[in-house]
Amino acid sequence: MNPPTFPSPHRRRNPLTGSWVLVSAHRTDRPWLGKTERVDVPVVPRHDPACHLCPGARRASGERNPDYSGTFTFTNDFPAMLPDALPERAACGDLFQAEAVAGTCRVVCFSPRHDLALSQMDDASIEAVVATWMEEAAALGAVYPSVQVFENRGATMGASNPHPHGQIWAGSSIPSSTEAEDHHQLVYWRKKGRPLLTDYVEAETGDGTRVVVADEEWVAVVPYWAVWPFETLLVPRRPVRRLPELDPAARRSLARILHRLLVRYDNLFCHPFPYSMGWHGAPFGTDEAEHWVLHAHFYPPLLRSATIRKFMVGYELTAEAQRDLTPEEAARRLRDVPERHYLAITDER
Ligand code: H2U
Ligand code: ZN
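Just so you know, these numbers come straight off a predicted model, no measurement behind them.

Here we come to the overall build of the protein chain. For the protein chain, the count of helices and strands is 7 helices and 14 strands. Scaling as 2.2 N^0.38, a compact globule of 349 residues should have a C-alpha radius of gyration of about 20 Å, and the protein chain matches this with 21 Å. With respect to the principal axes defined by its C-alpha atoms, the protein chain has extents near 60 × 60 × 40 Å. Put simply, the protein chain has 349 residues, and 49% of those count as buried. Put simply, 69% of the contacts in the protein chain that link residues at least 6 apart link residues at least 24 apart.

So, in structure tokens, the structure goes:
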């Protein structure tokens, strides 16, 4: 199956959400202006006494962090959801609808080191992060149907602190993105009797043009329908529905592939690559989830350099997403950079 590509403007459909993206492929002929500048990155200390996430630090709540040595998870001192909200639905005609949401928000520190990023951690430490995501998701999933694991990396994405960390928000309602993916995967499953993403990943590995990194367990691609310039989708080859279901081989391999993907991101502009990443899996508490395949989305905003980002404005905001750089070209650029972190290479000089 050869997916359609056009040298002229066209639209591509995201089968997970049903939304479309306008691809203005003819503009890709414009000169590639990447890597034209060097941006000074502030030196970050290994331990910052002013950081609320560092081991032994006192947080905004007044609580003190333990002297942790691996990962450390705590309930957000400023949670967006509260556990005791009453799960009620209230509607006032078709125009005014609301529902109460109960939930909790967790913060996951990936490392005691204030100055590291996932891309700079070793595979064993990244695997410990994966194990923490799995444990947290299992515990929260026993209480709430929705468990959203995510990371905002970099000030550009609104991360308040360089200390490597992510968040997990769990709640009583299924958020809109998960609901859309649930619907589209279910429709596909009913039609084909196979999970949408399993078919997709097989087609992508056969084609290869959008694959960034792959191994026997995982495949990361710039999806055919990518909206952000260097957006990627990470999917297991063996269908798994939720994070806690990863077996030891898939977990180990996930740590490795995350490392490889994130190093490539940093190496693209020799700069700590900002992104929002998030895991999507089947809602918890239901057995009707054969249509689901666990996956992670990476949404990085950068376009041509460490400072030139894509803005979702104008046409994107008022009509639909648009891109110039084709997903195929973005994948090629990510494949073309080395898999050794640029800072590690610099350190050795
Ligand atoms: P972000 O940088 O991705 O926003 O995550 C940091 C989170 O950590 C943020 O949600 C929480 C903030 O509320 N936090 C605490 O819970 N306690 C603190 O003392 C500092 C930050
Ligand atoms: Zn810190």
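With that settled, consider the coordination of the zinc ion (ligand 2). Coordination angles at a metal have ideal targets, namely 109.5 degrees for four tetrahedral donors and 90 or 180 degrees for six octahedral donors. The coordination sphere of the zinc ion (ligand 2) contains the protein donors Cys51 (SG), Cys54 (SG), His114 (ND1) and His163 (ND1), at a distance range of 2.0 to 2.4 Å. Of note is the zinc ion (ligand 2), whose 4 donor atoms meet at the metal with angles of 101 to 115 degrees in an arrangement that counts as tetrahedral. Written as a sequence motif, the donor residues of the zinc ion (ligand 2) are C-x2-C-x59-H-x48-H. Taken together, the residues span a long stretch of sequence, with Cys51 in the loop between strand S2 (20-23) and strand S3 (72-75) and His114 in the loop between strand S6 (103-109) and helix H1 (123-141) at a distance of 63 residues.

Adjacent strands of a sheet form backbone hydrogen bonds with each other and so pair up, either parallel or antiparallel. In space, the 9 strands of this open sheet follow the order S3-S6-S8-S7-S12-S13-S11-S10-S9, with antiparallel pairing throughout. Looking at which strands have only one partner, the edges of the open sheet turn out to be S3 and strand S9 (211-214). Across this sheet, the average inter-strand angle for adjacent strands is 20 degrees, counted without regard to direction. As paired elements, strand S10 (residues 218-221) and strand S11 (residues 232-236) share 4 bridges and run antiparallel to each other. Across the sheet, residue Val221 finds its bridge partner in S11, namely Leu233. In the packing of helix H4 (residues 248-268) onto the sheet, contacts are made with strand S7 (146-153), S9, S10, S11, strand S12 (275-280) and strand S13 (295-299), and the angle to S9 comes to roughly 140 degrees.

So, on to the sheet that holds strand S14 (residues 321-323). Here we have 3 strands laid out as an open sheet, ordered S1-S2-S14, and mixed in their pairing. Looking at strand neighbours, the two that pair on one side only are strand S1 (10-13) and S14, the edges of this open sheet. Going across the sheet, the axis of each strand differs from the next one's by a mean of 30 degrees, ignoring polarity. Sheet analysis places S2 next to S14, joined by 3 bridges and oriented parallel. Bridge pairing links Val23 to Arg323 in S14.

Of note, the phi angle at Cys270 is positive, near 45 degrees, even though the residue is not glycine. With respect to the secondary-structure elements, Cys270 resides in the loop between H4 and S12. Taking relative accessible area as the criterion, Cys270 reaches 33% and is therefore assigned partly exposed.

Positionally, Leu16 belongs in the loop between S1 and S2. Take Leu16: its relative accessible area is 0%, and that puts it in the buried class. Between the C-alpha atom of Leu16 and that of Gln185, which follows or precedes it by 169 residues, the distance is 6.4 Å. Once you skip the residues sitting within four places of it in the chain, Leu16 turns out to touch Ala180, Glu181, His184, Gln185, Leu196, Leu197, Trp225, His295 and His297.

Further remarks concern H1. The end-to-end C-alpha distance of H1 is 26 Å, a good match for the 27 Å that 19 residues give at a rise of 1.5 Å each. Looking only at H1, the buried set comprises Ile126, Glu127, Val129, Val130, Ala131, Thr132, Trp133, Met134, Glu136, Ala137, Leu140 and Gly141. Among the structural elements, S3, S6, S7, strand S8 (165-171), H4 and S12 are those in contact with the buried residues of H1.

Attention now moves to the site of ligand 1. Surrounding ligand 1, one finds 13 residues, the nearest of these being Ala60, Asn76, Asp77, Ser160 and His165. One of the side-chain nitrogen or oxygen atoms of Asp77 is found 2.6 Å away from a nitrogen atom of ligand 1. Considered on its own, ligand 1 offers 470 Å² of accessible surface; in the complex 86% of this is hidden by protein. Here the shell around ligand 1 is composed, by residue class, of 5 nonpolar, 6 polar and 2 charged.

Moving on, we get to the layout of surface pockets. The calculated volume of the largest pocket comes to roughly 1,200 Å³. What lines the largest pocket is a set of 50 residues, and nearest its centre among them are Val41, Asp115, Gln120, Arg153 and Pro272. Elements with a minimum of two residues in the lining of the largest pocket: S7, H4 and helix H7 (342-348). Residue composition of the lining of the largest pocket, by class: 23 nonpolar, 15 polar and 12 charged.

The next subject is the packing of H1 against H4. Where H1 meets H4, the axes come as close as 8 Å, and the angle between the chain directions of the two elements is 120 degrees. By the angle between their axes, H1 is oblique relative to H4. The handedness of the crossing between H1 and H4 comes out as right-handed. Contact residues: Asp123, Ile126, Glu127, Val130, Ala131, Trp133 and Met134 in H1; Arg251, Arg252, Leu254, Ala255, Arg256, Leu258 and His259 in H4.

The full count for this structure, using the stated rule, is 2 cavities of 30 Å³ or more. Reported here for the largest cavity is a volume of approximately 170 Å³. Looking at the largest cavity, it is lined by 19 residues, and the ones nearest its centre are Val147, His280, Gly281, Ala282 and Phe284. Mapped by element, the contributors of at least two residues to the lining of the largest cavity are S7 and S12. Of all the elements, S7 adds the most residues to the lining of the largest cavity, at 4 residues. Residues belonging to the lining of the largest cavity are distributed by class as follows: 13 nonpolar, 5 polar and 1 charged.

Here is what the cut-offs are and how they apply
- Residues numbered from 1 in each chain as written.
- Chains lettered and ligands numbered in written order.
- Predicted model: local features only at pLDDT ≥ 70, side-chain atom pairs only at ≥ 80, totals over all residues.
- Heavy atoms only, no water.
- Helix = DSSP H or I, 4+ residues; strand = E, 2+ residues; numbered from the N terminus.
- Rg over C-alpha atoms; globule rule 2.2 N^0.38 Å.
- Buried < 20%, exposed > 50% of the residue type's maximum accessible area, 1.4 Å probe, protein only.
- Contact = heavy atoms within 4.5 Å.
- Donors = N, O, S within 2.8 Å, 3.2 Å for Na, K, Ca; no water.
- Tetrahedral: all angles 85-135°; square planar, octahedral: opposite > 155°, others 65-115°.
- Pairing = 2+ DSSP bridges.
- Axes fitted to C-alpha atoms, helices over the stretch in contact; angles between N-to-C directions.
- Expected span 1.5 Å × (residues − 1).
- Near = heavy atom within 4 Å.
- Polar contact = N/O pair within 3.5 Å; in protein donor to acceptor, adjacent residues only side chain to side chain.
- Areas by Shrake-Rupley, 256 points an atom, 1.4 Å probe, with all protein chains shown as cover.
- Nonpolar A, V, L, I, M, F, W, Y, C, P; charged D, E, K, R; others polar.
- 1 Å grid on protein atoms, 1.4 Å probe; cavity = no way out; pocket = protein on both sides within 12 Å on 5 of 7 lines; lining within 4 Å.
- Points joined across faces, edges and corners; volume = space filled by probe spheres on them.
- Parallel < 35°, antiparallel > 145°, perpendicular 65-115°, else oblique.
- Left-handed = near helix turned anticlockwise from the far one by under 90°.

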